[in-house]
Amino acid sequence: MRAYALSRLAQTVLVVFLSLTAVFMMVRLSGDPVLLFMPMDIQAKDVNEFRQRLGFNDPVPVQYARFVAGAVRGDFGESLRYRRDALGLVLERLPATFLLAATSLLLTMCVAVPLGVLSAVHRNTPLDHAGTVVTVLGQATPGFWLGLMLIYVFSVRLRWLPTGGTGGLAHLVMPSIVLAAFFSARIARLTRSAVLDVLGAEYILTARAKGLRETRVIGKHTLRNSAIPIVTLAGLEAGQVLGGAVITETIFAWPGLGRLTVQALLNRDFPIVLAAVFVVSVVYTLINLTVDLLYGWLDPRVRLR
Amino acid sequence: MSAALRRCQLKAWLGIGLTVAVVVAAGAAPWLAPHDPLATDFAASLSPPGSPGHPLGTDQLGRDLLARVLHGARLALFIGVCTVVITAAVGGVLGLVAGFVERWPAALLMRLADVQLSFPFILLAMTINAIVGLGLRNIILSLSAAGWVVYARVVRGEVLSVKQRDFVQAASALGMSRLRVLFRHVLPNVVPSIIVVASLQFSSFIVAEAAISFLGFGVQPPTPAWGSMLSESRDFLYVAWWLAAFPGAALALTALSVNLLGDWLRDTLDPKLRV
């Protein structure tokens with residue numbers, strides 16, 4: 001168990017290090033970084049002074065060493081726009097993104113899993129067909145379009161919900177629905193096929209033969225055993241949820257990590273971009289570590305090595 | 001069982017029919033469209049759907065929305081096809097070599113692929129775009145750079161299993177060169193997987209392109225791309241719902257038809273494949 005945790009930790013460090021290196025290289029090798037960082041109408045003298053000050057006149061390996069030395073200490077430099085520590089800015093936005101992601105995960109689990117189970121249990125009935133149509137449509141609907149349409153219906157027409165920003169629970173409704181929509185479609189499809197697999201197993205036949213009530217057969221014997229593929233997909237999709245958060249947060253002006261990253265990219269504020277890449281890759285690997293540890297709890301046969 | 005089979009066939013026919021319809025609409029856009037997608041007509045700006053001469057209405061500059069949506073289909077399919085071909089070729093060859101060679105460069109390549117997969121696809125493509133610059137060519141490049149990994153992984157896995165099969169062993173034993181074994185015997189057996197992955201990736205590339213253009217990093221206005229049209233429509237949501245509704249519906253319809261086609265291809269060519 002300990003060796004496993006250690007090797008996973010080493011992998012995490014490697015993933016984070018490689019992601020940062022890749023983004024650093026792309027930024028540095030794609031032309032003059034100062035011109036990327038600076039507004040269009042700047043004087044040549046100022047450019048040179050700025051270059052000197054930020055150390056861009058040094059050779060790339062020296063710059064890279066300096067970057068790594070800073071990154072190890074959690075120092076990604078100062079945001080060019082906000083004039084503040086980049087990592088601090090990114091971490092400040094993290095709770096908002098977590099709140100959004102957690103709400104939509106909860107929504108997914110409350111809607112998609114029951115939908116998938118119902119479809120599997122009532123296989124080839126009108127209910128199952130309706131479920132398939134909903135999930136196929138859900139998978140094809142782009143999140144940002146769904147967001148715009150929800151805003152039109154619930155904010156512009158009905159005036160029930162705010163168009164964006166933060167505040168009360170009402171602000172959370174549409175962003176979490178949009179973020180949950182795509183994810184839910186995949187989870188519902190996977191739940192259906194996982195439950196169907198388990199329903200064919202002999203211990204389910206045994207449970208039924210013992211005279212257990214159907215709710216217990218499904219609720220206890222089937223669900224727990226079909227949880228592994230569902231949890232695996234949820235973990236793998238975590239990265240795509242972070243990607244979806246980028247779009248959702250932009251549409252609904254939600255002050256999270258995704259919106260900050262988009263703005264930083266638009267403003268060419270690369271210290272923030274690098275800090276965001278760092279935080280996203282750490283969060284993603286931690287989520288997958290949690291998923292691996294969950295396996296052992298869901299299925300005691302799984303021993304982590 | 002027959003009900004399931006019928007449903008499968010229904011989905012397949014729906015997928016094929018819709019895909020053909022989208023391709024025809026995109027191909028014949030210059031002839032189907034009632035107007036030039038870039039021609040402005042300020043007198044008729046923001047006309048609602050059903051206005052004379054403008055079945056889907058017009059935008060803030062009086063450009064015909066139907067023409068823009070149809071031309072948007074051309075652009076979306078063009079980007080989708082280019083990206084899928086590039087990623088399939090690059091990822092396919094790398095996966096083929098990585099599965100066949102099994103020395104340390106291959107292992108390193110696959111580790112790098114794992115690292116890349118751990119990063120959100122949209123965020124990666126968007127970051128590349130923000131750095132290398134905007135525009136049509138760059139968005140194809142950034143989507144390809146972000147998307148080749150899936151092929152490399154799937155193809156490598158397939159090659160590892162095909163390599164063990166008797167006919168491949170026999171071909172090597174007969175003294176066939178390694179390159180010939182690779183291209184004559186291994187490659188044809190992994191092509192179905194490549195086709196299935198390509199069809200399943202196609203819609204995610206189109207949607208990703210629209211999302212990136214929506215955020216302002218992709219195809220720039222006035223080129224009629226669905227993503228940038230949706231982005232512009234946000235400012236007019238209170239007065240002109242059609243500007244947001246139709247480009248998005250076209251995008252969803254395209255994604256739906258290609259998804260259905262992809263599901264069918266997977267069921268017939270490679271039912272075990274999980275992407």
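Residues numbered from 1 in each chain as written. Chains lettered and ligands numbered in written order. Predicted model: local features only at pLDDT ≥ 70, side-chain atom pairs only at ≥ 80, totals over all residues.

## Re the overall build of chain A
Then step 1. Across its full length, chain A carries 12 helices and 0 strands.
Then step 2. Counting from the amino terminus, helix and strand elements in chain A follow one another as α-α-α-α-α-α-α-α-α-α-α-α.
Then step 3. Expressed along its principal axes, the backbone C-alpha trace of chain A runs to roughly 85 × 60 × 30 Å.
Then step 4. A total of 305 residues make up chain A; the buried ones form 36% of that total.
Then step 5. A sequence separation of at least 24 residues applies to 71% of the contacts in chain A between residues at least 6 apart. (Helix = DSSP H or I, 4+ residues; strand = E, 2+ residues; numbered from the N terminus. Buried ≥ 20, exposed ≤ 12 C-beta atoms within 10 Å, placed from the backbone. Contact = placed C-beta atoms within 7 Å.)

## Here's the deal with helix 10 (residues 242-269) of chain B
Residues spaced three or four apart along an α-helix point in a common direction, a consequence of the helix completing one turn every 3.6 residues.
Then step 1. Under the 1.5 Å per step criterion, the end-to-end length of helix 10 of chain B is 40 Å for 28 residues, consistent within 8% with the ideal 40 Å.
Then step 2. Taking burial as the measure, the 28 residues of helix 10 of chain B include 21 buried ones, the bulk of the element. (Expected span 1.5 Å × (residues − 1).)

## A closer look at the confidence of the model for chain B
All names here are of chain B.
Then step 1. Residue-level pLDDT values for chain B average 85, and 96% of them are 70 or greater.
Then step 2. Here helix 4 (residues 104-117) is the element of chain B with the lowest mean pLDDT, 79, and helix 3 (residues 65-101) is the one with the highest, 90.
Then step 3. Note on the complex model: pTM 0.85, ipTM 0.83. (pLDDT = per-residue confidence, 0-100.)

## Some thoughts on the interface of chain A and chain B
Then step 1. Between chain A and chain B, the residue contacts involve 37 residues of the former and 35 residues of the latter.
Then step 2. Secondary-structure elements contributing two or more residues to the side of chain A that touches chain B are helix 1 (2-29), helix 6 (126-140), helix 7 (143-157), helix 10 (214-251), helix 11 (257-267) and helix 12 (270-298) of chain A.
Then step 3. Looking at the side of chain A that touches chain B, its residues break down into 25 nonpolar, 12 polar and no charged. (Nonpolar A, V, L, I, M, F, W, Y, C, P; charged D, E, K, R; others polar.)

## Details of the confidence of the model for chain A
Then step 1. For chain A, per-residue confidence averages 82 on the pLDDT scale, and 93% of positions sit at 70 or higher.
Then step 2. Across chain A, the element-wise mean pLDDT spans from 61 in helix 2 (residues 33-37) of chain A up to 89 in helix 5 (residues 86-121) of chain A.

## Quick word on the nonpolar core
Soluble globular proteins tend to bury their nonpolar side chains together.
Then step 1. Ranked by size, the top nonpolar core spans 154 residues in total, and within it V90(A), A275(A), A276(A), I122(B), A125(B) and A211(B) carry the most contacts.
Then step 2. The leading source of residues in this core is helix 8 (residues 178-215) of chain B, at 17 residues.
Then step 3. Sequence-distant contacts of A125(B), defined by excluding residues within four places in its chain, comprise S142(B), L143(B), A146(B), A208(B) and I212(B). (Core = buried A, V, L, I, M, F, W, Y, C linked by C-beta atoms within 7 Å.)

## Description of the packing of helix 6 (residues 136-162) of chain B against helix 8 of chain B
Residues and elements named next belong to chain B.
Then step 1. In contact at an axis separation of 9 Å, helix 6 and helix 8 are set at 155° when each is read in the N-to-C sense. Taken together, helix 6 and helix 8 sit at an angle that is classed as roughly antiparallel. Like other packed secondary-structure pairs, helix 6 and helix 8 cross with a definite hand, here right-handed. Along its contact with helix 6, which presents I139, L143, G147, V150, Y151, V154, V155, E158, V159 and V162, the element helix 8 presents V186, N189, V190, S193, I194, V197, Q201, F205, A208, E209 and I212.
Then step 2. Counted by class, the contact of helix 6 with helix 8 contains 15 nonpolar, 4 polar and 2 charged residues. (Axes fitted to C-alpha atoms, helices over the stretch in contact; angles between N-to-C directions. Parallel < 35°, antiparallel > 145°, perpendicular 65-115°, else oblique. Left-handed = near helix turned anticlockwise from the far one by under 90°.)

## Quick notes on the environment of A225(B)
All names here are of chain B.
Then step 1. Structurally, A225 can be placed in the loop between helix 8 and helix 9 (226-233).
Then step 2. We classify A225 as buried; it has 28 C-beta atoms within 10 Å.
Then step 3. Put simply, A225 and A73 are 152 residues apart on the chain and 7.9 Å apart in space, counted from C-alpha to C-alpha.
Then step 4. Here A225 is in contact with G72, L75, S213, G218 and V219, once residues within four sequence places are set aside.

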